[in-house]
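Structural features, examined
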Amino acid sequence: MGGSSGSTSSGTTESPVPEGCGDGIVGPGEACDDGFQGNSDNAACTSTCAAAVCGDGLLWAGEEECDHGANNNDNSYGGCTESCTYGARCGDGLLQPNDEECDASAPPVEGEAPCDPLACRYLARVAFVTAAKFSGALGGLALADAVCVAAAAGQGFDQSGSFRAWLSDGVATPKTRLKKAAADAGYPYVRLDGQLLADDLDDLIAEGPKVPLDVTETGVALKPLEFVWTNIGADGEAIQRGQALRRVDQRRLPGHRPRR
């Protein structure tokens, strides 16, 4: 992620120091001279008796928020603009979808999960429905997990290898398969759009998702009342084959990833 709103930049000038710079008299080769005590690389007159300007790589205190010199760029996330003001960054109160999941300084969204104010990421595990369709003959839980991992990796999700399919084989259940989540009481689950699904794994198993789990790994919402096969009942245990189809507003096929 990009830098925080409190980041600054400093630099040094490569200009030669004119003879007499610092004597308080503007002489040859000097744009200014505020004397030895007044000349400073964070003041209006630099240590080389040059006038401070945006883009010189020196932070002019009280006048510039930042100055990255030649790296100033109006389109750089977490950087410094060409007018020496902070560019788009975590904590600026605006959501930059290409770089952030959320921004804790932005107006709150009803039903949205907590946001890490320093990283602009949801303080939650993420669940999604696979955009591709598969038959029930996936070859066991390990291969079903591989489907979720591949979907997450294809979208560049961090910790993509930790995703698991929301399935049971009659022996292993989500609670036994998601050991880290089971041990994290109070750590929520969230959809990719930030909507809170459950307060933690126990809540997800006991009550089901608070909102429809109908957003794919690509961020697209599926049509209402599409069906998905899970073979899991409301208690997280395997159910009979004839009952394996459940509506989207009850349960979808998620993976998960820890976010700490």
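Note that the structure is a prediction, hence the values are computed from the model and not measured. (Residues numbered from 1 in each chain as written. Predicted model: local features only at pLDDT ≥ 70, side-chain atom pairs only at ≥ 80, totals over all residues. Heavy atoms only, no water.)

On the secondary structure map, tyrosine 122 appears in strand 2 (residues 121-122). Taking the C-alpha atoms as reference points, tyrosine 122 and proline 188, 66 residues apart in sequence, are found 9.5 Å from one another. Here the side chain of tyrosine 122 touches glutamate 112 through a polar contact of 3.1 Å, side chain to side chain. (Helix = DSSP H or I, 4+ residues; strand = E, 2+ residues; numbered from the N terminus. Polar contact = N/O pair within 3.5 Å; in protein donor to acceptor, adjacent residues only side chain to side chain.)

Time to look at the side chain of arginine 125. Relative to the helices and strands, arginine 125 resides in strand 3 (residues 125-126). Side chain to side chain, arginine 125 and aspartate 184 meet in a polar contact 2.8 Å long.

A word on the pattern of salt bridges. In the structure shown here, the tally under the stated rule is nine salt bridges. A salt bridge links arginine 191 to aspartate 214; its shortest N-O distance comes to 3.1 Å. Taken together, the positions of arginine 191 in the loop between strand 4 (189-190) and strand 5 (196-198) and aspartate 214 in the loop between helix 5 (201-207) and strand 6 (227-229) put the pair 23 residues apart, joining distant regions of the chain. Its relative accessible area of 10% is what places arginine 191 among the buried residues. Owing to a relative accessible area of 14%, aspartate 214 belongs among the buried residues under this scheme. Residues joined in a network through salt bridges with shared partners are Asp145, Arg164 and Arg177. (Salt bridge = Lys/Arg side-chain N within 4 Å of Asp/Glu carboxyl O. Buried < 20%, exposed > 50% of the residue type's maximum accessible area, 1.4 Å probe, protein only.)

Turning our attention to the packing of aromatic side chains. Under the definition given, this model contains three aromatic pairs. Look at phenylalanine 128 and phenylalanine 163: their rings are 5.1 Å apart centre to centre, the planes differ by 50°, and that puts the pair in the tilted class. Here phenylalanine 128, found in the loop between strand 3 and helix 2 (141-154), pairs with phenylalanine 163, found in the loop between helix 2 and helix 3 (174-177); they are 35 residues apart in sequence, far enough to count as distant. According to the relative accessible area criterion, phenylalanine 128 is buried, its value standing at 0%. The class for phenylalanine 163 is buried, based on a relative accessible area of 0%. (Phe/Tyr/Trp six-rings, centres within 6.5 Å; stacked < 30°, edge-to-face > 60°.)

Scanning all chains against the criterion turns up six disulfides. Across the disulfide from cysteine 66 sits cysteine 80; the S-S distance is 2.1 Å. An S-S torsion of about 90° defines the bridge between cysteine 66 and cysteine 80 as right-handed. In this pair, cysteine 66 sits in the loop between helix 1 (35-38) and strand 1 (115-116) while cysteine 80 sits in the loop between helix 1 and strand 1, placing the two residues 14 residues apart along the sequence. (Disulfide = S-S within 2.5 Å.)

Once that is clear, we can look at the nonpolar core. Membership of the largest hydrophobic core comes to 14 residues, with the highest contact counts inside it found for Trp166, Leu178, Tyr189, Leu197 and Leu201. Contributions of two or more residues to this core are made by strand 5 and helix 5. Element by element, the count of residues in this core is highest for helix 5, at three residues. The contacts of leucine 201, once residues within four sequence positions are left out, are Trp166, Pro174, Lys175, Leu178, Ala181, Ala182 and Tyr189. In terms of nonpolar packing, the next biggest core, distinct from the first, is built from 11 residues, Leu141, Phe157, Phe163 and Ala165 among them. (Core = buried A, V, L, I, M, F, W, Y, C linked by side-chain atoms within 4.5 Å. Contact = heavy atoms within 4.5 Å.)

This brings us to the environment of serine 168. Structurally, serine 168 can be placed in the loop between helix 2 and helix 3. A residue is classified by how much of its surface remains accessible, and serine 168, at 6% relative accessible area, is buried. From its side chain, serine 168 meets the backbone oxygen of alanine 172 in a polar contact 2.9 Å long.

Our focus in this paragraph is the sheet that holds strand 4. Spatial ordering of the open sheet is given by 3-4-5, a layout of three strands whose pairing is mixed. For this open sheet the edge positions go to strand 3 and strand 5, each flanked by a neighbour on one side alone. By the bridge criterion, two bridges tie strand 4 to strand 5 in an arrangement that is antiparallel. Across the sheet, the residue bridging to valine 190 is leucine 196, located in strand 5. (Pairing = 2+ DSSP bridges.)

In this structure, valine 17 sits in the segment before helix 1. Measuring from C-alpha to C-alpha, the distance between valine 17 and serine 47 comes to 7.8 Å, with 30 residues separating the pair along the chain. Setting aside residues up to four positions removed in sequence, valine 17 forms contacts with Ser47 and Thr48.

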